[in-house]
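Descriptive structure summary
So the chains spell out like this:
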Amino acid sequence: MIELYNIDDFVGGWFIGNFEPSLNKTKDFEVSIKTHEKGEIWDKHYHKIATEYNYVIGGQVEINGVVYKKGDIFVVPPMEIVDPNFLETCEIVCVKTPSAPNDKYVVKRDD
């Protein structure tokens, strides 16, 4: 039987991974779909153990001086500091492996 869910039933767009609620609780990977509004302020951060695979469904985001647009896939390895600047409203699918919900380290900006 087909099951129906809504992304609003999950936290921050994350719907698969080692957290609750989750459609598939697994330590192997995490999956999210997120919408970021143009100009949204997102933490400058890095992950110590996880690798992120990001697919831009729509919009444009600048990360570390490179602009990623619809159709682009970018991979963020562990320890890479990212500071996203949402140039347009963006939809991004993110797969992070392994699933490590506490593996986000915020870096202070030098404003």
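So, here's what we can say about the structure. (Residues numbered from 1 in each chain as written. Predicted model: local features only at pLDDT ≥ 70, side-chain atom pairs only at ≥ 80, totals over all residues. Heavy atoms only, no water.)

**Side note on the side chain of Glu30**
Note the following rule: Per the convention used, a helix needs a DSSP run of H or I reaching at least four residues, while a strand needs a run of E reaching at least two, with both numbered from the N terminus. In protein, a polar contact means a hydrogen-donor-capable atom and an acceptor-capable atom, both N or O and within 3.5 Å, with residues adjacent in sequence counting only if both atoms are side-chain atoms; elsewhere, any N or O pair within 3.5 Å suffices. We call two residues in contact whenever any of their non-hydrogen atoms come within 4.5 Å of each other.
Looking at the element boundaries, Glu30 is found in strand β2 (residues 30-36). Engagement of the side chain of Glu30 in a polar contact is seen with the side chain of Ser99, the distance being 3.0 Å. Among all residues touching Glu30, those that are not within four sequence positions of it are Trp14, Ile16, Gly17, Phe19, Cys94, Val95, Lys96, Ser99, Ala100 and Pro101.

**What about a nonpolar patch on the surface?**
To be explicit about the condition: Without a salt bridge and with relative accessible area above 30%, a residue can belong to a patch; like charges are then joined within 9 Å and nonpolar side chains (Val, Leu, Ile, Met, Phe, Trp, Tyr) within 5 Å. Note that accessible areas follow from Shrake-Rupley with a 1.4 Å probe, and for residues the cover is restricted to the protein chains shown. In what follows, salt bridge is the name for a side-chain nitrogen of Lys or Arg lying within 4 Å of a carboxyl oxygen of Asp or Glu.
A surface patch of nonpolar side chains, about 400 Å² in accessible area, is lined by Tyr53, Tyr55, Ile73 and Val75. If you list the elements that add at least two residues to the nonpolar patch, you get β4 (51-58) and β7 (73-76). By the secondary structure assignment, Val75 is in strand β7.

**Observations regarding the sheet that holds strand β5 (residues 60-63)**
What counts here: Strand pairing follows a simple DSSP-based rule, namely that at least 2 bridges must link the two strands. Under this scheme, a helix contributes an axis fitted over its contacting stretch, all axes are lines through C-alpha atoms, and angles between N-to-C directions fall in the 0 to 180 degree range.
Read across the sheet, 3 strands follow the order β6-β5-β8 without closing on themselves; strand pairing throughout is antiparallel. The open sheet is flanked by β6 (66-69) and β8 (84-86), the only strands paired with a single partner. The sheet shows a mean angle of 25° between the axes of neighbouring strands, direction not considered. Alignment of β5 against β6, held across 4 bridges, turns out to be antiparallel. Residue Val61 lies in a different strand from β6, and its bridge partner there is Tyr68.

**Here we look at the state of the cysteines**
Basically, it comes down to this: Here, two cysteine sulfur atoms that lie within 2.5 Å of each other are counted as a disulfide.
If you walk through the whole model with that rule in mind, you get 0 disulfides. Here Cys90 stays unpaired: no disulfide links it, and the sulfur of Cys94, its closest cysteine neighbor, is 13 Å away.

**Points about the side chain of Lys44**
Inclusion rule: Whether a residue is buried, partly exposed or exposed follows from its accessible area with a 1.4 Å probe, protein chains only, as a fraction of its type maximum: under 20%, in between, or over 50%, in that order. Only four residue types enter the charge count: Lys and Arg as positive, Asp and Glu as negative, with His and the chain ends excluded.
Its location among the elements puts Lys44 in the loop between β2 and β3 (45-46). Despite its burial, Lys44 pairs with no opposite charge; the closest candidate is Asp83, at 4.8 Å N-O. For Lys44, the residues in contact, after removing those within four places along its chain, are Ile81, Val82, Asp83, Tyr105, Val106, Val107, Lys108 and Arg109.

**Remarks on the nonpolar core**
Put simply, the test is: Put simply, a nonpolar core is a bunch of buried Ala, Val, Leu, Ile, Met, Phe, Trp, Tyr and Cys residues held in one set by side-chain atoms that sit within 4.5 Å of each other.
Core analysis: the biggest nonpolar cluster contains 10 residues, these being Val56, Val61, Ile63, Tyr68, Phe74, Val76, Val82, Phe86, Cys90 and Ile92. Contributions of two or more residues to this core are made by β5, β7 and β9 (90-97). With near-sequence residues (within four places) excluded, Ile92 lies in contact with Ser32, Ile33, Lys34, His36, Asn54, Tyr55, Val56, Val61 and Phe86.

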